[in-house]
Every structure is written in structure tokens, then in C-alpha cells.
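Now for the letters of each chain:
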Amino acid sequence: MPNSYDPNNIFARILRGELPCKKVYEDAHVLAFEDIRPLMPVHALVIPKGAYLDMSDFSARASADEIVALTRAVGEVARLTGVAASGYRVIVNNGADGHQEVSHLHLHVLGGRPIGRMVGAPKQ
Ligand code: DGP
């Protein structure tokens, strides 16, 4: 994980249309698409269209419109994927200890069956 924004990260390339995705939702500030390695029956990624490395970067630099759009998009994706009523989990992996693999902020929306407790015990 680089500590500065790499404009050629996978999600930046998806945003530019250089790589395909299975789109779930899009608006002026946000794109949401299916995760390529789903961990649950529903596993979508919600990303800002702006170039933000992670949640720390987004929370510091994003405009109010972008922050509102990302938040509203999570609810919209939950509704569109059919998990709004049954329940879902939103995960943001941030930085090295958070196990962030792709250096463009993304929110995981997971659901479709009971997920269990919030986190497992960390590996020593
Ligand atoms: P994270 O560990 O939070 O950075 O999760 C990165 C997620 O991105 C992981 O669940 C797999 C997904 N992913 C990686 N490459 C691609 C891709 O090319 N397309 C899609 N749709 N998802 C990807």
C-alpha cells in the first residue's frame, strides 16, 4: 500500500473505463460495483470518483457534497442489492494494519446471510 495516491490503481482504472466492472450504482460523485472476490452473497464496493487514498484522506479533503454522496450511496446500494431490510455490514479497510489492498478509498457492503460477530481474533 503506497502512502500517496497512485493514479494507476485498479479502481482509478475502473473509474476511467480502462477496466470493466459490474456496476451497481453511479452518481456524480460515486461509483459502486460488485467485488471481484465476493466474500458474501452480496459484496459491493462503493468508491468516490475523486482521487482519495483512504478514509483518512477522504475525511480530511473531500467536499461536503462528496461526503454526503458517499454516505447516501451506501444506503442506495444496500437497497438495490436487496439487503437493506435483512441487514448488512459496511467495512472500510484503512492502511497497513487495516489490510487495505487497493489504494483508492472503498467501502465494502456485505450481506445476504448472517455475517456473525464483528471481527475475528487477529493473527499473531
Ligand atoms: P481491501 O482489502 O479493502 O483493499 O479490498 C480490496 C477489494 O477489491 C478486494 O475485496 C478485491 C477487490 N478487487 C481487487 N481488484 C478488483 C478488480 O479489478 N475489480 C473488482 N470489481 N474488485 C477488485
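Below is a short write-up of the structure. This one's a predicted model, so the numbers in the text were calculated from it and none came from an experiment.

Attention now goes to the overall build of the protein chain. A tally of helices and strands in the protein chain yields three helices and five strands. Secondary structure of the protein chain in N-to-C order comes out as α-β-β-β-α-α-β-β. A globule of 124 residues ought to have a C-alpha radius of gyration of about 14 Å, and the protein chain, at 14 Å, matches this closely. The dimensions of the protein chain, computed from C-alpha atoms along their principal axes, are 40 × 35 × 30 Å.

The subject of this paragraph is the sheet that holds strand E3 (residues 42–48). One open sheet holds the five strands; their spatial order is E1-E2-E3-E5-E4, and the pairing between them is antiparallel. Strands with a single pairing partner mark the edges of an open sheet, and in this sheet they are strand E1 (23–26) and strand E4 (88–91). Put simply, the sheet's adjacent strands are angled 20° from each other on average, direction ignored. Bridge analysis of E1 against strand E2 (residues 30–34) gives three bridges, and the strand direction is antiparallel. In the strand pairing of E2, lysine 23 is matched with phenylalanine 33. Running over the sheet, helix H3 (residues 64–80) touches E1, E2, E3, E4 and strand E5 (107–111) and is turned about 160° from E3.

Attention shifts here to the pattern of salt bridges. Summed over the entire model, instances satisfying the criterion amount to seven salt bridges. Measuring nitrogen to oxygen at the nearest pair gives 2.8 Å for the salt bridge that ties arginine 16 to glutamate 18. On the basis of relative accessibility, which here comes to 43%, the residue arginine 16 falls in the partly exposed class. Its relative accessible area of 43% is what places glutamate 18 among the partly exposed residues. Of the charged contacts in the structure, one is a salt bridge between arginine 61 and aspartate 57, with a shortest N-O distance of 2.6 Å. In this pair, arginine 61 and aspartate 57 are both assigned in helix H2 (residues 55–61), four residues apart and thus about one turn of the helix distant. Linked by salt bridges that have partners in common, Arg13, Arg16 and Glu18 make up one network.

Attention now moves to the nonpolar core. One recurring pattern in soluble globular proteins: nonpolar side chains tend to sit buried together. Val46, Leu70 and Val77 are the most contacted members of the largest nonpolar core, which totals 16 residues. Only E2, E3, H3 and E5 provide two or more residues apiece to this core. Of the residues forming this core, the biggest block, five residues, is contributed by H3. Contacts of valine 46, omitting those with residues within four sequence positions, involve Val30, Leu31, Ala32, Leu70, Ala73, Val74, Val77, Leu105, His106, Leu107 and Val109. Formed by seven residues, the second largest nonpolar core is a distinct cluster that contains Leu31, Phe33, Leu45 and Ile47.

Our focus in this paragraph is the site of the ligand. Near the ligand you find 16 residues, and of these Asp35, Asn93, Glu101, His106 and His108 are the closest. A distance of 2.6 Å separates an oxygen atom of the ligand from a polar atom in the backbone of glutamate 101. Histidine 106 places a side-chain nitrogen or oxygen 2.8 Å from an oxygen atom of the ligand. Those elements giving two or more residues to the shell around the ligand turn out to be helix H1 (10–15) and E2.

Thresholds, definitions, all that
- Residues numbered from 1 in each chain as written.
- Predicted model: local features only at pLDDT ≥ 70, side-chain atom pairs only at ≥ 80, totals over all residues.
- Heavy atoms only, no water.
- Helix = DSSP H or I, 4+ residues; strand = E, 2+ residues; numbered from the N terminus.
- Rg over C-alpha atoms; globule rule 2.2 N^0.38 Å.
- Pairing = 2+ DSSP bridges.
- Axes fitted to C-alpha atoms, helices over the stretch in contact; angles between N-to-C directions.
- Contact = heavy atoms within 4.5 Å.
- Salt bridge = Lys/Arg side-chain N within 4 Å of Asp/Glu carboxyl O.
- Buried < 20%, exposed > 50% of the residue type's maximum accessible area, 1.4 Å probe, protein only.
- Core = buried A, V, L, I, M, F, W, Y, C linked by side-chain atoms within 4.5 Å.
- Near = heavy atom within 4 Å.
- Polar contact = N/O pair within 3.5 Å; in protein donor to acceptor, adjacent residues only side chain to side chain.

Treat this as a map of the structure, not an account of what it does.
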